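Coordinate inspection notes
Each chain, letter by letter, is given below.
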Amino acid sequence: MAPLFCRLPLLPLLLPFLALALGPATEKPRWPLELGEAEELAEELWGAGLPGDLPELEPECRRLLAAFAESSAALTGCLARRARPVRLCQGCHRHYRLLLAQYGTIARAVGNSSESHNCAKSILTSDRLQIVVTLSQFFNETWEAANCANCLKNNSEGLSNSTVEFLDLFNKSLTCFEHNLQGQTFYLSPNNYTEVCKNCNETYRMLNDLYNNLQRMNRQGGESGHSAHLCIDVEDAMNITRKLWSRTFNCSVPCSDTVPVIAVSSFILFLPVVFYLSSFLHSKQKKRILILPKRIQSNASLVNIQEKYS
């Protein structure tokens with residue numbers, strides 16, 4: 001700890017600000033200070049020329065940090081509002097792209113001045129906690145876990161054409177369900193969904209086929225070039241539709257491979273019949289071949305006996 005006389009020159013500088021914070025002598029002290037007042041007091045203390053190597057940010061660095069904070073808050077609010085039903089990728093891709101741009105501006109060197117390097121060092125790696133780096137990693141991991149790249153174009157500027165087509169069919173399916181449920185008691189008539197199953201069968205079949213095609217495309221690289229699961233928006237939308245169709249409405253799930261399945265099943269069931277029929281014919285023919293020599297041998301023996309006693 002520094003000796004007391006080393007800190008005495010600071011007192012003349014601190015007294016005006018302390019008096020300003022405490023107010024006139026006739027008023028009661030206003031401690032603790034509010035957040036805005038504390039920030040103003042801190043800025044005035046910095047401007048008073050306190051000694052030591054204190055980590056003060058340059059105005060440009062403060063602007064970059066404030067921009068990143070605003071982008072982080074906007075993206076966090078967007079993710080929270082679109083958590084259920086899941087609409088993360090289609091609703092928050094602009095916020096995420098802006099956050100990446102803000103972080104990149106902080107991390108890379110802007111121009112030839114050394115100020116940008118000081119900003120990156122001061123904001124990103126000046127302390128053990130590294131809040132900005134931690135926030136950026138959290139958003140990146142969340143975005144990758146949601147597989148949002150598989151719903152977006154290669155430059156992430158908007159939804160891919162296949163995703164737009166799927167969401168359009170999804171909205172049409174929900175609209176069809178709602179339209180055919182009008183005038184019906186949803187919970188009191190659990191078996192009265194024949195109109196839904198009949199009138200919405202074509203739309204649901206198209207949606208289901210498109211989802212299966214998107215899965216196959218995605219395994220091969222797909223439109224976005226990422227081989228992984230479909231994005232969480234598409235998966236959640238399809239899960240909702242399938243639950244409504246099969247569990248709530250008790251509609252049969254259409255199968256596009258019905259004819260091949262029936263043909264293969266019929267062939268497998270017919271195999272035992274062919275096997276037993278061929279075995280029966282083969283055994284009968286073999287039996288005839290074995291009986292024929294016995295008859296010839298008995299006739300020859302009879303001739304020999306007749307010659308012997310003649």
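The rules behind these values
- Residues numbered from 1 in each chain as written.
- Predicted model: local features only at pLDDT ≥ 70, side-chain atom pairs only at ≥ 80, totals over all residues.
- Heavy atoms only, no water.
- Helix = DSSP H or I, 4+ residues; strand = E, 2+ residues; numbered from the N terminus.
- Buried < 20%, exposed > 50% of the residue type's maximum accessible area, 1.4 Å probe, protein only.
- Areas by Shrake-Rupley, 256 points an atom, 1.4 Å probe, with all protein chains shown as cover.
- Disulfide = S-S within 2.5 Å.
- Core = buried A, V, L, I, M, F, W, Y, C linked by side-chain atoms within 4.5 Å.
- Domains from an automatic or database assignment.
- Contact = heavy atoms within 4.5 Å.
- Salt bridge = Lys/Arg side-chain N within 4 Å of Asp/Glu carboxyl O.
- Phe/Tyr/Trp six-rings, centres within 6.5 Å; stacked < 30°, edge-to-face > 60°.
- Axes fitted to C-alpha atoms, helices over the stretch in contact; angles between N-to-C directions.
- Left-handed = near helix turned anticlockwise from the far one by under 90°.
- Nonpolar A, V, L, I, M, F, W, Y, C, P; charged D, E, K, R; others polar.

- An unreviewed UniProt entry annotates the protein as OSTM1 protein originating from Ardeotis kori.

1. Section: the overall build of the protein
- A count of helices and strands for the protein gives 12 helices and 0 strands.
- Listing the helices and strands of the protein from first to last along the sequence gives α-α-α-α-α-α-α-α-α-α-α-α.
- Burial statistics for the protein: of 310 residues in total, 25% are counted as buried.
- Carbon and sulfur atoms make up 60% of the accessible area of the protein, which amounts to about 21700 Å² in all.

2. Examining the state of the cysteines
- Summed over all chains, the structure comprises 6 disulfides.
- Across a sulfur-sulfur distance of 1.7 Å, Cys-61 and Cys-119 are joined as a disulfide pair. Its S-S torsion of about -85° marks the bond between Cys-61 and Cys-119 as left-handed, since a negative value means left-handed. You can see Cys-61 sitting in helix α4 (residues 59-81) and its partner Cys-119 sitting in helix α6 (residues 115-124), a full 58 residues away along the chain. Neither residue differs from the other here; Cys-61 and Cys-119 are each classed as buried.

3. Some details on the nonpolar core
- Counting residues in each nonpolar core, the largest one holds 49 residues, and the members touching the most others are Leu-75, Leu-124, Phe-166, Val-234 and Phe-249.
- Put simply, the parts of the chain that give this core at least two residues each are α4, α5 (88-107), α6, α7 (131-145), α8 (161-181), α10 (201-219) and α11 (232-248).
- Considering every element that reaches this core, the biggest residue donor is α8, with 7 residues.
- Here this core gathers at least three residues from each of two domains, domain 1 (58-146) and domain 2 (160-254).
- In this view, Leu-124 contacts Tyr-103, Ile-106, Ala-107, Cys-119, Gln-130, Val-132 and Val-133; residues no more than four positions away in its chain are not counted.

4. Some thoughts on the environment of Leu-98
- Position of Leu-98 among the secondary structure elements: in helix α5.
- With 26 residues separating them along the chain, Leu-98 and Ser-72 place their C-alpha atoms 9.3 Å apart.

5. Structural notes on the pattern of salt bridges
- In total, this model carries 6 salt bridges according to the counting rule given.
- Asp-168 serves as the salt-bridge partner of Lys-172, at 3.5 Å between the closest nitrogen and oxygen. One end of the pair is Lys-172 and the other is Asp-168, both in helix α8 and 4 residues apart, which spans about a single turn.
- One salt bridge connects Glu-202 with Arg-205, and the closest N-O pair in it is separated by 2.5 Å. Here Glu-202 and its partner Arg-205 are both found in helix α10, 3 residues apart, which amounts to about one turn of the helix.
- For Arg-205, a relative accessible area of 30% puts it in the partly exposed group.

6. Digging into the packing of aromatic side chains
- Under the counting rule described, the total for this entry stands at 8 aromatic pairs.
- Ring plane angle 65° and centroid distance 5.1 Å describe the contact between Phe-177 and Phe-249, whose orientation is recorded as edge-to-face. Here Phe-177 is found in helix α8, whereas its partner Phe-249 is found in the loop between α11 and α12 (258-309), with 72 residues between them in sequence.
- Take Phe-177: its relative accessible area is 3%, and that puts it in the buried class.
- Grouping aromatic residues by their ring pairs yields a cluster made of Phe-177, Tyr-193, Tyr-204, Trp-245 and Phe-249.

7. Some thoughts on unusual backbone geometry
- Cis geometry is found at the peptide bond from Arg-84 to Pro-85, where omega equals -5°.
- On the secondary structure map, Pro-85 appears in the loop between α4 and α5.
- A positive phi angle, close to 55°, is found at Asn-147, a residue other than glycine.
- Along the chain, the position of Asn-147 falls in the loop between α7 and α8.
- Overall, the relative accessible area of 18% leaves Asn-147 in the buried class.
- Here the phi dihedral of Asn-250 falls at roughly 55°; this positive angle occurs in a residue that is not glycine.
- In this fold, Asn-250 is placed in the loop between α11 and α12.

8. Focus on the packing of α4 against α7
- Following both chains from N to C, one finds α4 and α7 inclined at 35°, their axes separated by 12 Å at the closest point. Two packed elements cross with a definite hand, and for α4 against α7 that hand is left-handed. Between α4, through Leu-65, Phe-68, Ser-72, Leu-75, Thr-76 and Leu-79, and α7, the contact on the second element is made entirely by Val-132, Leu-135, Ser-136 and Phe-139.
- By residue class, the composition of the contact of α4 with α7 is 7 nonpolar, 3 polar and no charged.

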